[in-house]
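A closer look at the structure
Residues per chain are reported as follows:
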Amino acid sequence: MISEKLTFSNPRHLHQLYAGNPSNLAEAEKALELEIATRDDWVSLKGASASVEEGKTLFEILELARNQGLNIRDADFSYILKTLSDGNRDALRALFADPFVIRLKRRSIVPKTINQKRYLTSIDQHPVTFGIGPAGTGKTYLAMASALKALMEGSVERIILTRPAVEAGEALGFLPGDLEEKILPYLTPLYDAMFEMLGKDQTSALMERNAIEIAPLAYMRGRTLANAFVVLDEAQNATHEQMVMFLTRMGDGSRMVVTGDVTQIDLPKAKQSGLIEASRILRDIEGVEIFHFGGQDVVRHPIVQRIIEAYARNAG
C-alpha cells in the first residue's frame with residue numbers, strides 16, 4: 001500500500017474536477033480500488049501502487065478537460081472514470097490533447113461539455129453523423145458551427161440547412177402569404193443562429209451568392225448535394241420516405257449531420273419517425289456515427305435538465 005497527495009491551485013479548482021459531488025469520488029474509490037480523501041486544495045490517494053497510478057491519471061485527465069474550459073458534470077466524470085477503468089487512457093488523452101475551438105467572425109465556439117467535444121470530433125471524422133437528444137444540448141448549433149468552419153476553410157463550397165415543415169398542431173394553409181412565407185417560421189431558428197455566429201451582413205452576403213442555402217426538406221428531392229455540408233434539423237419530423245430521400249442526396253465531397261429530438265415528434269401517429277428508424281437501421285454502417293445526448297448534456301438553465309429528467313421518469 002502506498003499513499004500520494006495531489007495539490008491543486010485552489011479548492012475551487014479541485015472541486016470543479018469532480019463536479020463538487022463527493023459521490024463521484026466514492027464511485028472512483030470503488031472503480032479503482034482506492035481510498036480517496038480530500039480537503040481544501042488537496043486530494044490523497046491510498047492503495048496498491050497500480051491503483052494509485054490510475055487515480056493520478058484520472059485527475060490528470062480531468063484537469064486536461066478543465067483546462068480546455070469544459071464544465072465537468074457528473075456524467076462527464078463517470079464517462080472519464082469508466083473509459084479509464086476499461087483501459088482506454090490513450091483515447092482519453094487524445095480526446096483532450098488539443099482544444100477544440102471553432103473561430104468564426106462574431107464569436108469563437110468552444111464545446112461546454114465532454115459530450116459536446118466528442119460530438120464535434122465525430123462530425124470531423126465521419127461523413128454522416130446523427131446527433132440525437134433533447135433540446136438545449138447544442139446538437140444543431142454545433143453542427144452549424146462545424147458547417148461554417150468547413151466553408152471558411154474551403155473544404156466545402158456551400159452549406160445547406162434544412163428542416164421538415166411539419167404542422168405542429170397548426171395548419172399551414174391558414175397562415176397568410178405564399179409557400180415560402182408560410183415556411184419561414186420553421187426556418188427562423190437557423191437564421192438566428194447564423195446571424196449570431198457571423199453577423200447579419202456576412203450571412204446575407206453568403207446567402208446572396210448561394211454559399212449558404214436554407215430550405216425546407218421537400219426542396220431537396222431530385223438533387224445531388226456535392227461539395228456541401230448539409231445539416232438536417234428537427235429530423236424527428238422526417239418520415240421514412242423523406243429520410244431515405246435526404247440521405248441518398250449525398251454527393252462527392254459532402255458531409256451530412258442529422259439532428260433531432262425523438263421526444264418531440266409532431267408527425268401523425270400513423271407515420272413512423274424517419275430519425276428513429278434510421279438510428280436503428282444505420283447504427284452499424286461504416287462512416288455513419290449515431291451520437292446520443294442525454295438530459296445531463298443540457299447546457300441551458302439547470303432547471304431545463306431537471307424538467308427533461310422528470311418527463312423521462314414519467315414517460316408512458
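Residues numbered from 1 in each chain as written. Predicted model: local features only at pLDDT ≥ 70, side-chain atom pairs only at ≥ 80, totals over all residues. Heavy atoms only, no water.

1. A few points about the packing of aromatic side chains
For clarity, the cut-off: Working definition: rings of Phe, Tyr and Trp (its six-membered ring) pair if their centres are within 6.5 Å, and the pair is stacked with planes under 30 degrees apart, edge-to-face with planes over 60 apart, and tilted otherwise. Helix and strand assignments follow DSSP, with helices taken as H or I runs no shorter than four residues and strands as E runs no shorter than two, numbered in order from the N terminus. Each residue gets one of three labels from its accessible area relative to the maximum for its type: buried under 20%, exposed over 50%, partly exposed in between, using a 1.4 Å probe on protein chains only.
Under the counting rule described, the total for this entry stands at 5 aromatic pairs. Centroid distance F8 to F59: 6.2 Å. Interplanar angle 45°. Geometry classified as tilted. Note that F8 is positioned in the loop between β1 (2–7) and α1 (11–17) and F59 in helix α3 (residues 49–67), a separation of 51 residues in sequence. Comparing F8 with F59, the two get one shared label, buried. Consider the rings of Y191 and F195, whose centres lie 6.3 Å apart with planes at 45°: the pair is tilted. With Y191 and F195 both in helix α8 (residues 179–198) and 4 residues apart, the pair spans about one turn of that helix. F195 sits in the partly exposed class, given a relative accessible area of 23%.

2. Quick notes on the pattern of salt bridges
Operational definition: The rule for a salt bridge is simple: a side-chain nitrogen of Lys or Arg has to be within 4 Å of a carboxyl oxygen of Asp or Glu.
A complete count under the given rule lists 9 salt bridges for this structure. The salt bridge involving E53 is made with K56; its shortest N-O contact spans 3.4 Å. Taken together, the positions of E53 and K56, both in helix α3 and 3 residues apart, correspond to about one turn of that helix. Counted as one network, the salt bridges with shared partners bring together E4, E53 and K56.

3. Quick word on the sheet that holds strand β2 (residues 35–39)
In plain terms, the rule: Strand pairing follows a simple DSSP-based rule, namely that at least 2 bridges must link the two strands. Only C-alpha atoms enter the line fits that serve as axes; for helices the fit covers just the stretch in contact. Angles between N-to-C directions range over 0 to 180 degrees. Contacts are residue-level and defined by heavy atoms, with any inter-residue pair within 4.5 Å sufficient.
Spatial strand order, β1-β3-β2: 3 strands in an open sheet with antiparallel pairing. The open sheet is flanked by β1 and β2, the only strands paired with a single partner. In this sheet, adjacent strand axes meet at a mean angle of 15° when their direction is disregarded. Where β1 lies against strand β3 (residues 42–47), 6 bridges are found, and the strand directions are antiparallel. Of the residues in β3, the one forming a bridge with E4 is L45. Contacting β1 and β3, α3 runs over the sheet at an angle of about 155° to β3.

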